[in-house]
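Listed below, chain by chain, are the residues.
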Amino acid sequence: MAPERFDAIVVGAGPSGNAAAYTMAKGGLKVLQIERGEYPGAKNVQGAILYAEALEHLIPDFREDAPLERHVIEQRVWMMDDTSHTGFSYRSDDFNEEKPNRYTIIRAQFDRWLSSRVRDAGATLITETTVTELLRDLQGRVIGVLTDRHGGPILADVVVMAEGVNGLVGQRSGLREELKPKTVALAVKEMLFLPQETVESRFNLTGDAGVVIEAMGTITQGMTGTGFLYTNRESLAIGVGAIVSDLAATGIKPYALLDAFKRHPSIAPLIAGAEVKEYAAHLIPEGGFNAMPDLHGEGWLIAGDAAHLVNAVHREGSNLAMTSGRIAGETIVWLKRRREPCDKEHLAEYRKRLEDSFVLKDMRKYRKVPDLLHGNRQLMDLYPRLLSGAAQTWLRVDGVDKRAKESAILRDLRRKRGFGGLIGDAVKLARAWR
Ligand SMILES: Cc1cc2nc3c(=O)[nH]c(=O)nc-3n(C[C@H](O)[C@H](O)[C@H](O)COP(=O)(O)OP(=O)(O)OC[C@H]3O[C@@H](n4cnc5c(N)ncnc54)[C@H](O)[C@@H]3O)c2cc1C
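In short, a report on the structure.

Procedures and definitions
- Residues numbered from 1 in each chain as written.
- Predicted model: local features only at pLDDT ≥ 70, side-chain atom pairs only at ≥ 80, totals over all residues.
- Heavy atoms only, no water.
- Helix = DSSP H or I, 4+ residues; strand = E, 2+ residues; numbered from the N terminus.
- Rg over C-alpha atoms; globule rule 2.2 N^0.38 Å.
- Buried < 20%, exposed > 50% of the residue type's maximum accessible area, 1.4 Å probe, protein only.
- Areas by Shrake-Rupley, 256 points an atom, 1.4 Å probe, with all protein chains shown as cover.
- Lys, Arg positive; Asp, Glu negative; His and termini not counted.
- Charge placed at Lys NZ, Arg CZ, Asp CG, Glu CD.
- Salt bridge = Lys/Arg side-chain N within 4 Å of Asp/Glu carboxyl O.

**Concerning the overall build of the chain**
Then comes step 1: In terms of regular secondary structure, the chain is built from 15 helices and 17 strands.
Then comes step 2: For a compact globule of 434 residues, the expected C-alpha radius of gyration is about 22 Å, and the chain comes in at 23 Å, within 12% of that figure.
Then comes step 3: In terms of overall dimensions, the chain has C-alpha extents of about 90 × 50 × 40 Å along its principal axes.
Then comes step 4: Relative to its full complement of 434 residues, the chain shows a buried share of 53%.
Then comes step 5: By element, 52% of the accessible surface of the chain is carried by carbon and sulfur atoms, the whole surface being about 19,800 Å².
Then comes step 6: The average position of the 58 basic charges and that of the 57 acidic charges among the side chains of the chain differ by 5 Å.

Right, here's the structure in full:
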């Protein structure tokens, strides 16, 4: 019997794979989606902030039944040293809008819901099945996949690789390089249960409103990395991560970082009495624009984390995943309607559309940031300490006059970094940000 043939196969049922499969199924294509987990979301890890805009493009009415936790009305950004944090905070009642812009979610529930919408749109999903290899014709064109299930090859005109950061199929097939320890972070995360009233009183919240905290500084012990604490309805998500090459060089265990983060005097009172519900570890692609693989080829496209599409500066990933998956799907539907082949030349349209979107504009904008962070450890360690020292000197009322305090702050800066170092760092930061 001839193997079954599809218009498209999607590898993975995370945000990028679901967006691609949904778009193509809605566009009338015969789509097969293959997910190795027991169900979509079973193995997926995220903080997790959902950015509504990316999902609205796919499912405008998602707020009616998507499993959302809290809409975010307050963002805190904390620069931490060992005993203090210096913070920026923005809270606005404007975020209590009819269609809020950001939500916290729990990925296992969210991915399952999104996947049900994908199947309603007409895509076929098979779970507990791992794609092991891409199938190629004699010219090297991708024409389908092999899986770990019994049965022969599955054929399709195009394969969308949405297998996440550690996508072994893409690596084995030579579509993307092996992950480099310098371009990927390892993050650990815990879900901490707290009664709803406790979450609301500790974070000054009412109704479904939520707070998110992004943290950096000495919490990563000089390594490049960040931490976070997000409010769900009746739990908190807390996590910390650092670049893998830094973890390897220092020998510091990610869970030791998380334990220390939880004990920090700024964090401990917020999570006091909470019960650990679950914990997880996951990689995050943080190499930025320069670490991206080719995005398309003969019969294939790559989307989401598999394509290294994460904006580490703004802590955005799922929206780049959903948007790239949607654009991959739209490109394929467009080619099919024009009866064009899904070869490398025609699939170049995917890259072009991504270039026109915020996805590659943002990736390109921050392309110098990964190298800046690697080569300048003082940003994670010395500056948070200097900032904290300056704040203490400035805020303590101790009989020292204010001019003397200013001089003491400047003296401390000069002694620990030197004016040349300070100016050099400011120039490097400005250049990386342009
Ligand atoms: C700790 C942490 C916190 C984060 N916080 C945020 C946040 O708050 N906001 C945000 O926007 N982003 C966040 N991110 C990033 C975000 O999670 C990712 O960018 C997003 O999940 C990428 O989606 P994806 O579909 O490309 O990949 P994934 O979500 O990884 O999905 C890939 C899917 O492919 C499946 N798969 C893999 N290989 C195969 C195979 N061979 N065969 C079949 N199936 C396969 C996997 O099981 C998985 O379901 C965070 C990431 C981490 C680790």
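Still to come is the rest of the account.
**What to know about the pattern of salt bridges**
Any two side chains of opposite charge can pair, given that their charged atoms come close.
Then comes step 1: If you walk through the whole model with that rule in mind, you get 27 salt bridges.
Then comes step 2: Asp 65 is the partner of Arg 117 in a salt bridge, and the nearest nitrogen-oxygen pair spans 3.1 Å. Separated by 52 residues along the polypeptide, Arg 117 in helix 3 (residues 107-120) and Asp 65 in the loop between helix 2 (52-58) and strand 4 (68-80) bring together distant segments of the chain.
Then comes step 3: Look at Arg 117 and you get buried, because its relative accessible area is 17%.
Then comes step 4: In this structure Asp 65 comes out as partly exposed when scored by relative accessible area, which is 40%.
Then comes step 5: When the shortest N-O distance is used, the salt bridge between Lys 336 and Asp 157 registers 2.3 Å. A residue pair is termed long-range when its members are at least 10 positions apart, and Lys 336 in helix 9 (residues 318-337) and Asp 157 in strand 10 (residues 154-161) qualify at 179 residues.
Then comes step 6: Judged by relative accessible area, Lys 336 falls into the partly exposed class, the value being 23%.
Then comes step 7: Each of the salt bridges in this network shares a partner with another, and the network as a whole consists of Arg 5, Asp 7, Asp 157 and Lys 336.

**Points about unusual backbone geometry**
Then comes step 1: Phi angles above zero are rare outside glycine, and Asn 204 is one such case at about 60 degrees.
Then comes step 2: Assignment of secondary structure puts Asn 204 in the loop between helix 5 (196-202) and strand 12 (209-217).
Then comes step 3: Residues other than glycine seldom take positive phi values, yet His 308 does so here, at roughly 70 degrees.
Then comes step 4: With respect to the element layout, His 308 can be found in the loop between strand 17 (300-302) and helix 9.
Then comes step 5: On the basis of relative accessibility, which here comes to 5%, the residue His 308 falls in the buried class.

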